[in-house]
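# A closer look at the structure
Read off the chains here:
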Amino acid sequence: MKSRLKKKKSSRDVRPCVSKSSSKTTLPLPLHIFGLVSRERPWPRKERSCIYYSTDCDKTALINNFQKRGWHKVPAFDGEWNLYWACAQNCRYIFGVDHPYRMRSDQIINHFPNSMELSRKDLLIKNIKRYRKDLERKGDALAATHPNDTKLGVGGTRYMHLDIIPMTFVLPADYNLFVEQFHKNPASTWIVKPSDKSQGVGIYLINKLSKLKRFAYEARTFYPHFHRDTCVISKYIDNPLLIGGKKFDLRLYVLVTSFNPIKAYLYNEGFCRFCTQRYDQTEIDNVYMHLTNVSIQKNNKEYNSIHGGKWSMQNLWLYLDSIRGEGVSKTLSSRILETIRHSLDAVAPVMANDRHCFEVYGYDIIIDNNLKPWLIEINTSPSIHSTTKNDCTLKTRLIDNVLDVVIPPGGMPDERWSKTPSKESLRNFTPITPVELPKAPNQSREPTSLAGAGEGGNCCRNKSTSKSKNNGHRLAGGALPSAATKTTSKLLLPSGTSAGMRPISKKTGQKSKSKPKSTTKRAATGAAPTKISSK
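Notes on the structure follow. Being a predicted model, the structure only gives us computed values, none of them experimental.

### Comments concerning the overall build of the protein chain
Looking only at helices and strands, the protein chain has 15 helices and 20 strands in total. The 535 residues of the protein chain split such that 50% are buried. When contacts within the protein chain are restricted to residue pairs at least 6 apart in sequence, those whose partners lie at least 24 apart make up 69%. About 28300 Å² of surface is accessible on the protein chain, with carbon and sulfur atoms providing 52% of the total.

### As for the sheet that holds strand E8 (residues 190-194)
Read across the open sheet, the 4 strands follow the order E7-E10-E8-E9; overall the sheet is antiparallel. Across the chains shown, the open sheet's two edge strands, defined by having one partner strand only, are strand E7 (168-171) and strand E9 (204-206). Sheet twist, expressed as the average angle between the axes of neighbouring strands with direction ignored, equals 30°. Here 5 bridges tie E8 to strand E10 (residues 231-235), and the two strands are oriented antiparallel to one another. The residue of E10 that forms the bridge with Val192 is Ile233. Contacting E7, E8 and E10, helix H5 (residues 121-138) crosses the sheet at an angle of about 130° to E7. Seen against the sheet, helix H6 (residues 175-184) touches E7, E8, E9 and E10 and runs at an angle of roughly 140° to E7.

### A word on the nonpolar core
Proteins that are soluble and globular tend to have nonpolar side chains buried together. Counting residues in hydrophobic clusters, the biggest one holds 62 residues, and the most contacted among them are Leu250, Phe259, Ile340 and Tyr363. By residue number, the principal contributor to this core is helix H10 (residues 328-347), which donates 8 residues. Apart from residues lying up to four places away in sequence, Phe259 is in contact with Phe112, Leu118, Leu344, Val347, Ala348, Met351, Asn353 and Tyr361. Counting residues in hydrophobic clusters, the runner-up holds 28 residues, among them Ile51, Tyr253, Tyr267 and Val405.

### Section: the packing of aromatic side chains
Inspection of every chain in the model, using the stated rule, returns 15 aromatic pairs. Ring plane angle 40° and centroid distance 4.4 Å describe the contact between Tyr53 and Phe66, whose orientation is recorded as tilted. In this pair, Tyr53 is assigned in strand E2 (residues 52-55) and Phe66 in helix H2 (residues 60-68), connecting sequence segments 13 residues apart. Phe66 shares its class with Tyr53; the two are buried. Directly above the ring of Trp374 sits Lys372, whose terminal nitrogen or CZ lies 4.8 Å from the centroid.

### As for the pairing of E2
Note on strand geometry: in a regular strand, side chains alternate between the two faces of the sheet. For E2 and strand E3 (residues 72-73), the ladder comprises 2 bridges, and the chain directions are parallel. Paired with Tyr52 across the bridge in E3 is His72. With H2 bridging E2 and its parallel neighbour E3, the resulting β-α-β unit is right-handed. Note: E2 against strand E4 (residues 83-85), 3 bridges, orientation parallel. Across the sheet, Ser54 pairs through a bridge with Tyr84, a residue of E4.

### Describing the pattern of salt bridges
Using the criterion set out here, one finds 18 salt bridges in the structure. For Lys310, the salt bridge goes to Asp391, with nearest N and O atoms at 2.9 Å. Placement of Lys310 in strand E15 (residues 310-312) and of Asp391 in helix H11 (residues 389-406) is noted, with a sequence separation of 81 residues between them. Overall, Lys310 belongs to the buried group, its relative accessible area being 14%. By relative accessible area, which is 3% here, Asp391 ends up buried. Between Arg416 and Asp414 there is a salt bridge, with the nearest N and O atoms lying 3.2 Å from each other. Looking at Asp414, the relative accessible area reads 27%, which means it is partly exposed. Among the ionic contacts, a cluster of salt bridges with common partners joins Lys68, Arg69, Asp400, Asp404 and Arg427.

### Focus: helix H9 (residues 313-323)
For the α-helix, the turn length of 3.6 residues means that residues three or four positions removed from each other point alike. In terms of burial, H9 is largely enclosed, as 8 of its 11 residues are buried. Residues of H9 that are buried: Met313, Leu316, Trp317, Tyr319, Leu320, Asp321, Ser322 and Ile323. Phi for Gly325, located one or two positions after H9, is positive at around 115°.

### A few points about unusual backbone geometry
Of note, the bond from Leu171 into Pro172 is cis; its omega dihedral lies within 30 degrees of zero at 10°. Within the fold, Pro172 resides in the loop between E7 and H6. In this structure, Pro261 follows Asn260 across a cis peptide bond, with omega equal to 0°. Counting through the fold element by element, Pro261 comes out in the loop between strand E12 (246-259) and strand E13 (262-267). One non-glycine residue, Gln199, adopts positive backbone phi at about 60°. Counting through the fold element by element, Gln199 comes out in the loop between E8 and E9. Owing to a relative accessible area of 52%, Gln199 belongs among the exposed residues under this scheme. Even without being a glycine, Lys419 presents a positive backbone phi close to 60°. Relative to the helices and strands, Lys419 is located in the loop between H11 and helix H12 (423-426). With relative accessibility at 14%, the residue Lys419 sits in the buried group.

### Observations regarding the state of the cysteines
Counted according to the given criterion, the structure contains 0 disulfides. For Cys57, which is in no disulfide, the shortest distance to another cysteine sulfur is to Cys87 and amounts to 8.3 Å. Its sulfur unpaired, Cys357 is 5.7 Å from the next cysteine sulfur, which belongs to Cys91. Overall, Cys357 belongs to the buried group, its relative accessible area being 1%.

### Overview of the pairing of E7
Burial along E7 is two-sided: the face carrying Thr168 and Val170 and the face carrying Phe169 and Leu171 are both buried. Of the pairings in the sheet, the one linking E7 to E10 comprises 4 bridges and is antiparallel in character. By the bridge assignment for E10, Leu171 is matched with Cys231.

### Describing the sheet that holds E2
Ordered by their spatial adjacency, 4 strands build an open sheet running E3-E2-E4-E6, and the pairing between neighbours is parallel. A strand with exactly one partner marks an edge of an open sheet, and here the two such strands are E3 and strand E6 (108-109).

Conventions adopted
Residues numbered from 1 in each chain as written. Predicted model: local features only at pLDDT ≥ 70, side-chain atom pairs only at ≥ 80, totals over all residues. Heavy atoms only, no water. Helix = DSSP H or I, 4+ residues; strand = E, 2+ residues; numbered from the N terminus. Buried < 20%, exposed > 50% of the residue type's maximum accessible area, 1.4 Å probe, protein only. Contact = heavy atoms within 4.5 Å. Areas by Shrake-Rupley, 256 points an atom, 1.4 Å probe, with all protein chains shown as cover. Pairing = 2+ DSSP bridges. Axes fitted to C-alpha atoms, helices over the stretch in contact; angles between N-to-C directions. Core = buried A, V, L, I, M, F, W, Y, C linked by side-chain atoms within 4.5 Å. Phe/Tyr/Trp six-rings, centres within 6.5 Å; stacked < 30°, edge-to-face > 60°. Lys NZ or Arg CZ within 6 Å of the ring centre and 35° of its normal. Right-handed = clockwise from strand over helix to strand, strands pointing away. Salt bridge = Lys/Arg side-chain N within 4 Å of Asp/Glu carboxyl O. Disulfide = S-S within 2.5 Å.

Shown next, in the form of structure tokens:
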């Protein structure tokens, strides 16, 4: 009789125990946790008329959109959710190889299993470098390079189309390579960033090797399998585009629903983040004039909490068209799309493409004075916290548009859906199509933009005219030459200052088109000696 009482229960008879006072499940091995269903005994499901959601962050932009759609909130551990807006750490736990669970067909989650291939700065650099070599090995035209006598720019490469990131090294592994490059130009400035940090934590600028003594020591005793505290050091873009004398960068939102094939969309309503102090290249220790992170700038006394140092993309396009000439914003927006697409193509071969996943990435892009975009970093969990009223409105519309794209027309998540949203569902999202090479100069092209005026639509690559594409004075990185114009009006900046602008008119358009005429005259004068020599 005692032997029967001491008989152990099998693992299949164990059910998760939830106490009334606590919402935590007790071990051993619950059948479902974080919405996962055991492969041995599927949990019985009931047909439901609405979507159940769960979230790790109770932000206004998320909760308002969920409640507006009539969805019901449930705890993450009980397995009743259809959509889980999770943090990256919980998502990695769900997709861990040590957990013998699978997700149901009616569940979706807002992260891919190994999204760190994009978010970690060292892995992103590694993937982009491999992507370049693979295209060059295949003889792809995208890997075309400039002549050897071309002066190298900030990117440090001669690639015509793949020069999308500044020259970067991973420390301490590439310390010796960095020292060799530093000695070629000792007066240059570099920026050091931790590989796995965000919000400007641990970032600083250097112009002397003495500030990297720690990495010099670790380079001699470096063990890749045990060393995780890595940093990346990139060449600092010392000629950024300034507005009102202040540095800024772009925060753009990219929605990816699939990596095989790549299905990605750029949200048209991004914003600019401004520094609170005027830019001065010599003061490398002043973070308020070099780092645009809001978490850093809000600690400055000059920070304005009304506008938060932010500017809409529509204002930026209007400003550039007024200062640099009509159509410049369309050219710049197409180059930004190409930069984003290259980064996605670089990580696509190594990404785990799960049909239950989608993800919203926060792209940080800086524009130099030659109007060339540079990819700085990518965030897998962009902040949904709102600092201003306009910020709250923007992020609420963003989440609303994201839910329209990732939820099938039937109204319930389904892994069998092809993830092809309708045009009505896209609204402010622009599809990011594969990069196409520039056409021949003789062929005509119709310039189109992703969001030159904040409007949606299909995206096309290399929409600039053939004259600007084949300009002999183009820089190695493919940047446009700057143009000085007279100012007749002013535009209010987020910093409270004003920037000069000239109105766009037909006369200004004629002046901008008068430049190619001088090149045709030169071509005509240059053709005369050839005719004489032929005779």
